[in-house]
Amino acid sequence: MQLGSSHHEDFDFPIEKFEMMLKTNEVLFFDAAEFENIIGHYIDSGRLALAKKALKLALDQHPKSVNLLLMKAELFTFEDKFEKAMDLLEDLKSLEPNNEEIYILIANIYSKQDLHMDAIETLKEALNFADDLIEIHSIMGMEYLFLEDFENAKESYIQCLENDENDYTALYNIIYCFDFLNQNEEAVQFLKSFLDRQPYCEVAWHQLGKLYFEKKRYDKALEAFDYAIISDEYFIGAYLEKGKVLERLKRYKDAIECYTLTLQIDDPTAFAYLRIGKCFLKLNDPEKALKHYKKALHEDPLLDKVWLALSDYHVKIKDYKKALYYINKAINIDEENVLYWKHFAIINLELDNIKDSAFGFKKSLELGNYELETWITRLDILIELKHYKDALQTLKHAEDFFSDFAELEYRYAGVYFELGELEKSRKHFEKATFLDPNYSFIMNDLFPNYTLG
């Protein structure tokens, strides 16, 4: 083997030079920085075998390079060889006690083992001498988030923002923490204070607008989104949010204009077409609504909300068969959605598909739709189908949420009557009439053969 020769000097890019060396079996010389780039390239692209090969050659040529030894510790960490990595890092720390990269890697090892407080303590040490305070505070913020300590996470990200007012990731994380802590008003004050210093920060205006929207302060929200757009006229998110506010204010034509602008600024989105369709429906222009729903589907056939909108549209025009087709499409995309199953149940009820309707209400109840109306509709379907045992089970479940409700007690009386348990039927009928005699019509409607009372 021959150490680096002149005919390889025309290589500009160390990766090409390194890979050529592997093919020719020659040993070429690289300085430590070149090796760092090569190893970093292979780590970033997930080619760890080549990274390890490059690292071995690098340490043969530069055995005392701290940066290369740090990369060795990083590779140990990737392979979950935490003890080896930690031993190496402790050795390096004794050589360079003020090297922040050593502390960051140690913190990373602790974090991977769910030792988040140890990670935080290590990072606090690094704050005493680190040059890049933003990175340290950012990692600390993430460790606090792992611990669900949102107050300290927020403070860490505020430190990031104080060191770099363009750190929008930190800004988003601060608002996330405020949200988790239910500190809506504090978040508003924080953003207003930040905007006093950075009046053209479109991200801050956008976040402020969203907070006002949540508080139903729509005029304030509109103002904030307008400032976000003034700060960045291509900020799609601000236009979309402004459109939502205009919808709430029933300014549907203005909302359509806002959503249409997003289609001109960037690639069209299914969401914008969907919102435009809903606005046209509010303006009693169903043809344009339908046209935009179909455009939304073209952009994203997996956006379940579009299928729901199409289903609702066909319910309004009493075309229940098409409505059922579209709600089935929505359910195929998100079968855990309570609302879709409730729609499915109601549409099937309109089509006299009683069994399918009962199944839909059963699913919506299983998924957490515990409104009294849902229980009663399912009960009445089961009674109509003469599934009295199922109806009794449903009544018992409903009673967990709605005890002492006359609507349920009358149904109890009727179901027990149909099951031949006359004494229980009598007791429930007496309780029902005591609670509210005005609901006694239930017995005539659902149980015409009822003779107790």
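Attention in this report is confined to the structure presented alongside it. Numbers given for residues are sequential positions, taken from 1 along each chain in its written order. Note on the predicted model: pLDDT of at least 70 is required for a residue's local features to be given, and 80 or more for side-chain atom pairs to be given and counted; whole-chain, interface and lining totals, by contrast, use all residues. The basis for every side-chain value is the complete set of heavy atoms in the structure, and neither hydrogens nor water enter the calculation.

Turning next to the packing of aromatic side chains. Stacked, edge-to-face and tilted are the three classes for Phe, Tyr and Trp ring pairs, Trp counted by its six-membered ring, which pair at centre distances within 6.5 Å; planes under 30 degrees apart are stacked, over 60 edge-to-face, the rest tilted. As enumerated under the stated definition, the model contains 20 aromatic pairs in all. A ring pair is formed by Trp-341 and Phe-344, whose centres lie 5.3 Å apart and whose planes are at 75 degrees; its orientation type is edge-to-face. Here Phe-344 and Trp-341 lie together in helix H20 (residues 338-350), a separation of 3 residues that amounts to about one turn. Exposure classes here rest on a 1.4 Å probe applied to the protein chains alone. A residue is buried below 20% of its type maximum, exposed above 50%, and partly exposed in between. On the basis of relative accessibility, which here comes to 9%, the residue Trp-341 falls in the buried class. Over the aromatic face of Phe-213 sits the side chain of Lys-244, whose NZ or CZ is 5.7 Å from the ring centroid. A run of H or I in DSSP becomes a helix once it reaches four residues, and a run of E becomes a strand once it reaches two; helices and strands are each numbered from the N terminus. Only when the NZ of Lys or the CZ of Arg is both within 6 Å of the ring centre and within 35 degrees of the ring normal is a charge said to sit over the ring.

Counting 117 residues, the largest nonpolar core has Ile-39, Leu-89 and Leu-171 as its most contacted members. Take this core: its biggest share by element is 8 residues, from helix H4 (residues 66-78). Any two residues whose heavy atoms approach within 4.5 Å are treated as being in contact. Not counting the four nearest positions on each side in its chain, Ile-39 is found in contact with Ala-51, Ala-54, Leu-55, Ala-58, Leu-68 and Met-71. Buried Ala, Val, Leu, Ile, Met, Phe, Trp, Tyr and Cys residues form a nonpolar core when they are joined through side-chain atoms within 4.5 Å. Leu-372, Ile-383, Phe-402 and Ala-406 belong to the second largest nonpolar core, which has 27 residues in total.

Now for the layout of surface pockets. In this model, the largest pocket occupies a volume close to 380 Å³. For cavity detection a 1 Å grid was placed over the protein atoms alone, and a set of points counts as a cavity when a 1.4 Å probe fits there but cannot get out; an open set counts as a pocket when protein lies on both sides within 12 Å along at least five of seven lines, with lining residues being those that have an atom within 4 Å of a point. Together, 15 residues line the largest pocket, and Glu-247, Tyr-252, Arg-275, Lys-278 and Lys-282 are the ones closest to its centre. Every element with two or more residues in the lining of the largest pocket is listed here: helix H14 (236-248), helix H16 (270-282) and helix H18 (304-316). Ranked by residue count, the leading element in the lining of the largest pocket is H16, at 5 residues. In the scheme used here, Gly and all other residues not listed as nonpolar or charged are polar, with Ala, Val, Leu, Ile, Met, Phe, Trp, Tyr, Cys and Pro taken as nonpolar and Asp, Glu, Lys and Arg as charged. For the lining of the largest pocket, the class distribution of residues is 6 nonpolar, no polar and 9 charged. Grid points are joined across faces, edges and corners, and a volume is the space filled by probe spheres set on the points.

Attention now moves to a negative patch on the surface. Side chains of Glu-83, Asp-87, Glu-90 and Asp-91 sit close together on the surface and give a patch of like negative charge. Secondary-structure assignment places Asp-87 in helix H5 (residues 82-95). Here a patch means residues that are over 30% exposed by relative accessible area and free of salt bridges, tied together within 9 Å if like-charged and within 5 Å if nonpolar (Val, Leu, Ile, Met, Phe, Trp, Tyr). Accessible surface is estimated by sampling points in the Shrake-Rupley manner with a 1.4 Å probe; for residues, cover comes only from the protein chains shown. The salt bridge criterion pairs a side-chain nitrogen of Lys or Arg with a carboxyl oxygen of Asp or Glu, the two atoms within 4 Å. Counted as positive: Lys and Arg. Counted as negative: Asp and Glu. His and the chain ends are not counted at all. To locate a charge, take atom NZ for lysine, CZ for arginine, CG for aspartate or CD for glutamate.

One non-glycine residue, Lys-386, lies in the positive phi region at around 65 degrees. Mapping Lys-386 onto the fold places it in the loop between helix H22 (372-384) and helix H23 (388-401). The exposed category is assigned to Lys-386, whose relative accessible area is 58%. The phi dihedral of Asp-404 falls on the positive side, at around 60 degrees, and the residue is not glycine. As for its placement among the helices and strands, Asp-404 is situated in the loop between H23 and helix H24 (406-418).

A separate point is the packing of helix H12 (residues 202-214) against H14. Between H12 and H14, the shortest axis-to-axis distance is 10 Å and the interhelical angle comes to 20 degrees. The angle between H12 and H14 places the two elements in the roughly parallel class. As for the relative orientation of H12 and H14, their crossing is left-handed in sense. Of H14, the residues touching H12 (which contributes His-206, Lys-210 and Phe-213) are Gly-237, Ala-238, Glu-241, Lys-244, Val-245 and Arg-248. When grouped by side-chain class, the residues that make up the contact of H12 with H14 number 3 nonpolar, 2 polar and 4 charged. Lines fitted to the C-alpha atoms define the axes, with helices restricted to the stretch that makes contact. Angles between their N-to-C directions range from 0 to 180 degrees. Convention used here: angles under 35 degrees read as roughly parallel, angles over 145 as roughly antiparallel, angles from 65 to 115 as roughly perpendicular, and any remaining angle as oblique. Two helices cross in a left-handed way if the nearer one is turned anticlockwise from the farther one by less than a right angle. They cross in a right-handed way if the turn is clockwise.

Moving on: the environment of Ile-376. Its location among the elements puts Ile-376 in helix H22. It is 7.6 Å that separates the C-alpha atoms of Ile-376 and Leu-408, two residues lying 32 residues apart in sequence. The residues touching Ile-376, leaving out its near neighbours within four places in the chain, are Glu-407, Leu-408 and Arg-411.

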